[in-house]
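Observations on chain architecture
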Amino acid sequence: MAEGRFPRLAADFSRAGLFALRRASGSPRVPVLAALLLAWVAIAAARSGEVPATVTSPPEPSLDVTDSPDLEAPRPPPGTFTEPVPAVFPEPALLIVDGELGARSTLASALGARGFSPQTVALIAREMAPHFDFRRARPNHRFWVASSADGSLVEFRYYLSETSSYRMERRGSGFEVSREEAVFDARTARMSGVVESSLYAAILTQGEGSQLARDFAEVFAWDIDFQRSVRAGDRFELLYERLYRPEADGSSSFMRTGRILAARYEGTVGAHTAVYFEPEEGRGGYYRPDGSSVERQFLMAPLRHARISSAFNPARRHPILKVVRPHFGIDYAAPQGTPVWSVADGVVIHRSRSGGFGNLVKIRHTNGYVSYYAHLSRYPKGLRVGTRVEQKQVVGYVGSTGLSTGPHVCFRIARDGRYVNPARLRTPAGEPVDPDLLPVFQDTVASLLSELGGGTRLASENAL
Ligand SMILES: [Zn+2]
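Everything quoted here is computed from the prediction, not taken from an experiment. (Residues numbered from 1 in each chain as written. Predicted model: local features only at pLDDT ≥ 70, side-chain atom pairs only at ≥ 80, totals over all residues.)

Right, let's talk about the overall build of the protein chain for a bit. Secondary structure summary: the protein chain contains eight helices and 20 strands in total. When each of the 464 residues of the protein chain is scored for burial, the buried share is 28%. Within the protein chain, counting contacts between residues at least 6 apart in sequence, those at least 24 apart form 63% of the total. (Helix = DSSP H or I, 4+ residues; strand = E, 2+ residues; numbered from the N terminus. Buried ≥ 20, exposed ≤ 12 C-beta atoms within 10 Å, placed from the backbone. Contact = placed C-beta atoms within 7 Å.)

Take a look at the structure:
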């Protein structure tokens, strides 16, 4: 039936038109292109024989019908519209122009550069004034403008962020401005691959951004040192969210990758699997399939029963040198010979006398961390550079070697070559899943891991 088909056809043409215009936006010739396009659409539609013969001219633009991409169920016309909309009345084509403020542009200059008249710019400024002060406009704020074919403004949107925007819509003879907070639409995606040079490269090769690679490395930060332990041929899989923002024209735009829901990494570092789980609404973390947390905390201190004699203090007055000299560690006073243990798994990278530090042991951990244990009286037998140590393994004994006033251990942690305050590393404890929640957790794990594709992957590996 022609009447039933035409609206759908018109909608398709109209969307195609929007798409073309969107691509051309930014060019001052947009109105000309739009007029040509509309004429072409109408002629093509008339010639195709699929449309009623009465429609031979371009669709009449209407200021009173705004964005209603769903022609199967047209919205009721606004109050000032007195005549009913005929069923074959095509969707009014809107000219869409969008853009972003540059470092030195104002909204007025950005709109002017895209061919908007001073009158339109003034109209937007006047209507928006009670809602947003454009002196607070920032580079990267985005705008979106819909006009009818005759150039009159139908809708203006101003985006403060990915999710926050103002919407100025024509209502009868005036405009109405509202603030909108968009909720992203999260769609689940799956990726698997083999590392050739680095995990970053492998993920970027598949078309995702570096944020996803960083997030992936973060999930396994406690288990895998992605700077050093990754080898060509390592395999990874991940299930993650892609976030879309609903747009004014009914479409949606991909914004960025969201949360990783499940991840697996297999290589010379072993096989590691993690799933995202929220023990309580909004507070989630990553767990291994057995319910243990992937987070391995640094120990609070490198020895038992110690007293802090000097805290981390970038402006400390040095007790011996009597000058302001930053203290980038925590001093723990303890009896001579007290065992000092490594605060986390790692590899010994230094074990010798080192100036003011006296006898010093340094241990490299995953994720760019190095821990320091200074002023030691001696080292345990067999501890050498290159020795692999576990969390709480003894790496030295309290002493007073180097620049020291009494038996203590100066404990420091550096990340990527810069000292950090060890006290600040007390991240939320890596608690396992509460036993009461285990059934829910196990259901989550089963469903996420099947989506991750565990079954088929194992089958193909067996075949090899
Ligand atoms: Zn110290």
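What follows concerns helix H7 (residues 438–452). With 15 residues, H7 extends 20 Å from end C-alpha to end C-alpha; this agrees with the ideal 21 Å at 1.5 Å per step. Listed in full, the buried residues belonging to H7 are Phe441, Val445, Leu448 and Leu452. All buried residues of H7 project into a common sector of 80° when viewed along the axis, lining one side. Summarising the geometry of H7, the exposed residues directed more than 90 degrees from the buried face are Pro439 and Asp443. Gly453 lies just past H7 and shows a positive phi near 100°. (Expected span 1.5 Å × (residues − 1). Arc of directions from axis to C-beta.)

Core analysis: the biggest nonpolar cluster contains 32 residues, and Leu199, Phe216, Ala262, Ala274 and Val275 have the highest contact counts within it. Elements that contribute at least two residues to this core include exactly helix H5 (199–205), helix H6 (210–219), strand E7 (235–246), strand E8 (252–267), strand E9 (270–280), strand E10 (283–287) and H7. Contact partners of Ala274, with chain neighbours within four places excluded, come to Val219, Phe220, Ala263, Tyr286, Tyr287, Arg288 and Val294. Listed in part, the 23 residues of the second largest apolar core include Phe312, Phe357, Ala374 and Val395. (Core = buried A, V, L, I, M, F, W, Y, C linked by C-beta atoms within 7 Å.)

At Asn140, a residue that is not glycine, the phi angle is positive and equals roughly 85°. If you trace the backbone, Asn140 turns up in the loop between helix H4 (118–128) and strand E2 (142–147). In this structure Asn140 comes out as exposed when scored by C-beta crowding, with 11 C-beta atoms within 10 Å. In this model, Asp416 sits at a positive phi of 50°, which is unusual for a non-glycine residue. With respect to the helices and strands, the residue Asp416 is situated in the loop between strand E19 (408–415) and strand E20 (418–420).

Before going further, it helps to examine the pairing of E8. One ladder, built from eleven bridges, connects E7 with E8; its direction is antiparallel. Within E8, the residue paired with Tyr240 across the bridge is Ile260. Here E7 folds back onto E8, and the loop between the two strands holds five residues, one of which, Gly250, carries a positive phi near 95°. Taken together, the six bridges between E8 and E9 define a ladder with antiparallel strand orientation. Across the sheet, the residue bridging to Tyr265 is His272, located in E9. What sits between the antiparallel neighbours E8 and E9 is a turn of two residues. (Pairing = 2+ DSSP bridges.)

A few words on the environment of Gln211. If you trace the backbone, Gln211 turns up in helix H6. Linking Gln211 and Thr257, residues 46 residues apart in sequence, is a C-alpha distance of 7.6 Å. Not counting residues within four places of it along the chain, the set of residues in contact with Gln211 comprises Arg256 and Thr257.

Keep in mind these values describe shape, not function.
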